[in-house]
Amino acid sequence: MGNVELDGRYQLLRASDVVRDGMWLEMYEGGVARELVVTAFYSDIDGSLKLHVEQLEVPFEIVEAFIQKARQLL
């Protein structure tokens, strides 16, 4: 998928996870020193979608947009 911008400040990266049998989506805060903000993992085994927040201060609207993208892409 490569990088997709979210709100012009955040970038998304999607990949498959062979070990855990699923797919994940990561959101990084843009800039030169990209910082991981939040991740989502979709399990092919049980169909669950789990969210892990790396940074505690993320605008609520950005988390909502990330969750919506995770539901679409995973």
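Everything below is about the structure printed above this text.
Residues numbered from 1 in each chain as written. Predicted model: local features only at pLDDT ≥ 70, side-chain atom pairs only at ≥ 80, totals over all residues. Heavy atoms only, no water.

**Regarding the overall build of the protein**
Tallying secondary structure elements over the protein gives 1 helix and 5 strands in all. For the protein, the sequential pattern of α-helices and β-strands runs β-β-β-β-β-α. Summarising the internal contacts of the protein: among those between residues at least 6 apart in sequence, 27% fall at separations of at least 24. (Helix = DSSP H or I, 4+ residues; strand = E, 2+ residues; numbered from the N terminus. Contact = heavy atoms within 4.5 Å.)

**As for a nonpolar patch on the surface**
A surface patch of nonpolar side chains, about 370 Å² in accessible area, is lined by L51, V53, L56 and I67. Residue classification places V53 among the partly exposed positions, given a relative accessible area of 35%. (Patch = residues over 30% accessible without salt bridge, like charges linked within 9 Å, V, L, I, M, F, W, Y side chains within 5 Å. Areas by Shrake-Rupley, 256 points an atom, 1.4 Å probe, with all protein chains shown as cover. Salt bridge = Lys/Arg side-chain N within 4 Å of Asp/Glu carboxyl O. Buried < 20%, exposed > 50% of the residue type's maximum accessible area, 1.4 Å probe, protein only.)

**Quick notes on unusual backbone geometry**
In this structure, D21 takes a positive phi of about 55 degrees despite not being glycine. Topologically, D21 is positioned in the loop between β2 (10-17) and β3 (22-29).

**Topic: the pattern of salt bridges**
Taken as a whole and assessed by the stated rule, the structure comprises 2 salt bridges. For R9, the salt bridge goes to E29, with nearest N and O atoms at 2.5 Å. Placement of R9 in the loop between β1 (4-6) and β2 and of E29 in strand β3 is noted, with a sequence separation of 20 residues between them. Here R20 makes a salt bridge to D17, at a shortest N to O gap of 2.8 Å.

**Brief notes about the nonpolar core**
Counting 12 residues, the largest nonpolar core is built from Y10, L12, L25, M27, V37, V38, A40, V58, I62, V63, F66 and A70. Of all the elements in the fold, those that place two or more residues in this core are β2, β3, β4 (35-43) and α1 (60-73). It is α1 that provides the largest number of residues to this core, a total of 4 residues. Setting aside its immediate chain neighbours within four residues, L25 contacts L12, L13, R14, V38, T39, A40, F66, K69, A70, L73 and L74. (Core = buried A, V, L, I, M, F, W, Y, C linked by side-chain atoms within 4.5 Å.)

**Here we look at α1**
With 14 residues, α1 extends 20 Å from end C-alpha to end C-alpha; this agrees with the ideal 20 Å at 1.5 Å per step. Taken together, the buried positions of α1 are I62, V63, F66 and A70. With its buried residues spanning 100 degrees around the axis, α1 presents them on a single face. Turned more than 90 degrees from where α1 packs its buried face, F60, E61, R71 and Q72 sit exposed. (Expected span 1.5 Å × (residues − 1). Arc of directions from axis to C-beta.)

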